[in-house]
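# Chain and residue survey
Chain by chain, the residues run as shown.
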Amino acid sequence: MKSFKEFLKVPQTKIGLVFALIVPLLFVVVWMTGYHQATERVDQLQVALVNEDGTQGTEVQKQIETLAPFHVNVLDSAKEAEQQMNAGNYAMVIVIPEGFADQIGGGTDASLSFYINQGNADVAKSIVEHAATGMTAQMGQGILESKVQVTLNNDSINSEDLSAAIGQAMAKMNEGPVKAEINKTNSVSDFATSMLPMILGFITYIASMTMNIQFNITSNIMKRNHSKWEIFWGRQMLLLCIVVIVPLIVDTVALQFTDVASSFGALYLYHVLVSLACICFTQMSFALFGNAGPLFNVAMVPLQLMTAGNIIPAEMLAPFYRYIGNFLPASNGVQGFMRLIYSGEAVGGYMVHLLLISIITWGITLLRVGMQKAGHGQMTMTPPASAQAQAQAQAQAQAQAQH
């Protein structure tokens, strides 16, 4: 019982208890509010529609815009639409092929082309694919109803009964006059490849967070013999070496197991920026919050996992959380790596975000160190418990010697 009480007196025990409570609570609050009714926000997804059938396909175009549960943007070129989709602007591209209306009018089956980028969020891919089959089924049922109404006497059968009968017949046949030709672009053959965006984008943040905890302890140990600026600049030089070397090793090893759409140089350069942003961001927390720095860094974990966009698109999150990911390093990292790994598209926007995060957070750290009092031993955190215990033991020994 005595050891139990002594255990609770140690500051690190109290910090551990705070982590044990706060971390799961943060996940509960952030994820339960952020993902709340997310699947009901499919109307926030953007899809592109290309009409290659000219004026004859205008009526079909209007039907798709009415039936689609998404926001439909009409583009002129299928190539342009696919490029925009690969860049992450659209969840799906719908193409009305040339001669579609003539095929339907002539009584033959016709197909609508749907292009789905496999580099999108898992939930988005599932939703748009399900919607594609649903839209074609509804269009097919409408065409059959029109043909039957022309053949039959309009007064001989109720329109609701007719619609129900046709729907049941189509369900049994599992097909109608309009078919969905689903094309999955940027597919990867190895499931392990789909894990790379999380490994390179998010685990880099976890590694940086853990590393800066240890480096902060080292800084406190060094404060006895070095000034705050000596410690700061020495630490920055070490971090800069890590930013350059670690991504090179990790990317080289990762590419031994799989192939990606982008070049090694593009992947490495982007990983350097992700590492830089993660290191600067996690370092800033110690400068601002001292001993609470690790708790702040951990608090950012559920936010970054949720806004990374690999599970569910940010557009489907609760409005409060949709744009937070733009200001967080791991969120930008995962989204950028998804583009590079799946389609090899440019990630200039994410690179700008990462550079801004790095510059701003490093600048805050620099200002915070400059605001501290001059002299030896002024660092961002109080001495570790081991140093405090040694100082107390020395004071007690001196007191006993005097007596």
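Residues numbered from 1 in each chain as written. Predicted model: local features only at pLDDT ≥ 70, side-chain atom pairs only at ≥ 80, totals over all residues. Heavy atoms only, no water.

Across all of its chains, the model carries 12 aromatic pairs by this definition. Aromatic pair Phe27 and Trp31: ring centres 5.1 Å apart, planes at 75°, arrangement edge-to-face. One end of the pair is Phe27 and the other is Trp31, both in helix α2 (residues 11-34) and four residues apart, which spans about a single turn. Aromatic side chains Phe289 and Phe296 sit 5.0 Å apart centroid to centroid with 35° between the ring planes, which places their arrangement in the tilted category. On the accessibility criterion, Phe296 (24% relative accessible area) is partly exposed. Connected via pairs of aromatic rings, a cluster forms that spans Tyr205, Phe281, Phe289 and Phe296. (Phe/Tyr/Trp six-rings, centres within 6.5 Å; stacked < 30°, edge-to-face > 60°. Helix = DSSP H or I, 4+ residues; strand = E, 2+ residues; numbered from the N terminus. Buried < 20%, exposed > 50% of the residue type's maximum accessible area, 1.4 Å probe, protein only.)

Here we come to the confidence of the model for the protein chain. Averaged over all residues, the pLDDT of the protein chain is 84; the fraction at 70 or higher stands at 84%. Here residues 170-174 is modelled with pLDDT under 50, and outside its nearest four sequence neighbours on either side it reaches six contacts, counting other chains as well. (pLDDT = per-residue confidence, 0-100. Contact = heavy atoms within 4.5 Å.)

Mapping Asn183 onto the fold places it in strand β5 (residues 178-185). On the basis of relative accessibility, which here comes to 22%, the residue Asn183 falls in the partly exposed class. Each C-alpha atom of the pair Asn183 and Ile116 lies 6.2 Å from the other, and the pair is 67 residues apart in sequence. If we ignore the near neighbours within four places in the chain, the residues touching Asn183 are Ser113, Phe114, Tyr115 and Ile116.

This part takes up the pattern of salt bridges. Scanning the model with the defined rule gives four salt bridges in all. Residue Glu6 pairs with Lys9 through a salt bridge whose shortest N-O separation is 3.5 Å. Taken together, the residues span about one helical turn, with Glu6 and Lys9 both in helix α1 (residues 2-9) at a distance of three residues. Here Asp122 makes a salt bridge to Lys125, at a shortest N to O gap of 3.4 Å. Here Lys125 and Asp122 lie together in helix α6 (residues 122-151), a separation of three residues that amounts to about one turn. Owing to a relative accessible area of 47%, Asp122 belongs among the partly exposed residues under this scheme. Judged by its relative accessible area of 15%, Lys125 falls in the buried class. (Salt bridge = Lys/Arg side-chain N within 4 Å of Asp/Glu carboxyl O.)

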